[in-house]
Amino acid sequence: MQNSRNCLTPDNLALLQCIADKGSFAAAARHLGLVPSALTYRVRQIEDALDVLLFDRSARQARATQAGAELLREGARLLTDISAVAHRIQRVATGWEPQFTIAVDGAVSPHTMLELVEAFYSQAPPTQLKLRDEILTGTLEALTSGQADLAIGVVVNTSRVAGLQQDVLGETSFVFAVAPHHPLAHVPEPLSDATLLLHRAIAVADSAQGQGVSMGLLPGQDVFTVGSMQAKLQAQLRGLGCGFLPEPMARPYLAAGHLVSRQLARPTRSFRLHYAWNATPLAQGGRALQWWLAQLHSPSTRAALLSNHHF
């Protein structure tokens, strides 16, 4: 006697679906090239293993019971999944990675990333793609910990990290900005550290699991910490605090008067961002990685990733 797990084979699920589609055991038997008694015996084996009645045999037509209808629904999904898995395995054998994860720093344009994702999917690859939102050293940590295959927007230089390769994404500048109703919007420039210390700063939490870094904060300053660059922008638009924002992200809000840039006594801020990837032979040969590296080789793509923060 079959148990409940062994009876739910693809062949048995297809047999049950055929009965439902043809409307009777006799019609299904003719379609499958079986004698009716053999078909009936197989169905009874399945019913005995599951301890349920799958078809109502009181009428001439085979009507699925409530349990049978549920099995047919789930069986159709399982058969589709099996076919999809087989197709993906065949495609993966051509050199595509089964899954490819990209860690993306908050300073990188989400709109350009989605445009690239759209272009990637247009090839109908078998690769399952995943994007991870990261901040500061968390972007690199996702790569070095094996949680990502590619990191875009890495702040630190990775040239000395074993097993990694990197290239320059570009330079991005930061502007110190506040809402027009914030007290610092009306203080004479340049703003000293002593003046800034009197006001709350908005900071994005480093997404690294260990000891992260903080940028632009003064010792003893009141800090409101948020989880993403977009949340930081919204907090500063509301006047909840002050802080640095990527200039391309802040640009339209500065132009519309929703933010005001302020000159500081300290030097202006700019960073060189990189993209990095695992340089192992297996990863180097993956077609998904090679596709993304080819896109990042384009100067216009790199520029858009740092500047195209708005539709």
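Here the structure is shown first, and the text comes after it.
Here is a short report on the structure shown in this document.

Rules used throughout
- Residues numbered from 1 in each chain as written.
- Predicted model: local features only at pLDDT ≥ 70, side-chain atom pairs only at ≥ 80, totals over all residues.
- Heavy atoms only, no water.
- Helix = DSSP H or I, 4+ residues; strand = E, 2+ residues; numbered from the N terminus.
- Rg over C-alpha atoms; globule rule 2.2 N^0.38 Å.
- Buried < 20%, exposed > 50% of the residue type's maximum accessible area, 1.4 Å probe, protein only.
- Contact = heavy atoms within 4.5 Å.
- Areas by Shrake-Rupley, 256 points an atom, 1.4 Å probe, with all protein chains shown as cover.
- Lys, Arg positive; Asp, Glu negative; His and termini not counted.
- Charge placed at Lys NZ, Arg CZ, Asp CG, Glu CD.
- Phe/Tyr/Trp six-rings, centres within 6.5 Å; stacked < 30°, edge-to-face > 60°.
- Core = buried A, V, L, I, M, F, W, Y, C linked by side-chain atoms within 4.5 Å.
- Axes fitted to C-alpha atoms, helices over the stretch in contact; angles between N-to-C directions.
- Parallel < 35°, antiparallel > 145°, perpendicular 65-115°, else oblique.
- Left-handed = near helix turned anticlockwise from the far one by under 90°.
- Nonpolar A, V, L, I, M, F, W, Y, C, P; charged D, E, K, R; others polar.

**Some thoughts on the overall build of the protein chain**
Step number 1: Counting its regular elements, the protein chain contains twelve helices and eleven strands.
Step number 2: In terms of overall dimensions, the protein chain is more spread out than a globule: its C-alpha atoms have a radius of gyration of 29 Å, far above the 19 Å expected for 311 residues.
Step number 3: Its C-alpha atoms put the protein chain at 95 × 45 × 35 Å along the principal axes.
Step number 4: When each of the 311 residues of the protein chain is scored for burial, the buried share is 41%.
Step number 5: Considering only residue pairs separated by 6 or more positions, the protein chain has 69% of its internal contacts joining residues 24 or more positions apart.
Step number 6: Counting every atom, the protein chain has about 16,400 Å² of accessible surface; 54% of that belongs to carbon and sulfur.
Step number 7: Taken together, the 25 basic and 24 acidic charged side chains of the protein chain have centroids lying 4 Å from each other.

**Observations regarding the environment of arginine 251**
Step number 1: Inspection of the secondary structure assignment puts arginine 251 in helix H9 (residues 247–255).
Step number 2: Each C-alpha atom, one on arginine 251 and one on leucine 273, is 19 Å from the other, the two residues being 22 residues apart in sequence.

**Brief notes about the packing of aromatic side chains**
Step number 1: On inspection of all chains with the given rule, the structure shows nine aromatic pairs.
Step number 2: Ring geometry for phenylalanine 25 against phenylalanine 55: centres 5.8 Å apart, planes inclined by 80 degrees, an arrangement best described as edge-to-face. Residue phenylalanine 25 is found in helix H2 (residues 25–32), and its partner phenylalanine 55 is found in strand S1 (residues 55–56); the two are separated by 30 residues along the sequence.
Step number 3: Take phenylalanine 25: its relative accessible area is 13%, and that puts it in the buried class.
Step number 4: With relative accessibility at 2%, the residue phenylalanine 55 sits in the buried group.
Step number 5: Centre to centre, the rings of phenylalanine 176 and phenylalanine 244 are 5.3 Å apart; their planes meet at 75 degrees, and the pair counts as edge-to-face. You can see phenylalanine 176 sitting in strand S6 (residues 164–178) and its partner phenylalanine 244 sitting in strand S9 (residues 243–246), a full 68 residues away along the chain. The exposure classification of phenylalanine 176 matches that of phenylalanine 244, with both residues buried.
Step number 6: In textbook terms, an aromatic cluster arises when at least three aromatic residues are bridged by ring pairs, as seen for Trp96, Phe120, Tyr121, Trp291 and Trp292.

**Some words on the nonpolar core**
Step number 1: Ile102, Leu150, Ile152, Leu169, Phe176 and Trp292 are the most contacted members of the largest nonpolar core, which totals 53 residues.
Step number 2: When neighbours within four sequence positions are excluded, leucine 169 is seen to be in contact with Val108, Ile152, Gly153, Leu273, His274, Tyr275, Leu296, Arg302, Leu305 and Leu306.
Step number 3: Within the second largest apolar cluster, 18 residues are counted, among which are Leu39, Val43, Leu71 and Leu72.

**A word on the packing of helix H1 (residues 10–22) against H2**
Step number 1: Packing of H1 against H2 leaves a shortest axis separation of 8 Å and a crossing angle of 120 degrees. With respect to H2, the element H1 is oriented oblique. When the axes of H1 and H2 are compared, the crossing they make is right-handed. On H2, the residues that touch Leu15, Cys18, Ile19 and Lys22 of H1 are Phe25, Ala27, Ala28, His31 and Leu32.
Step number 2: Classifying every residue of the contact of H1 with H2 gives seven nonpolar, one polar and one charged.

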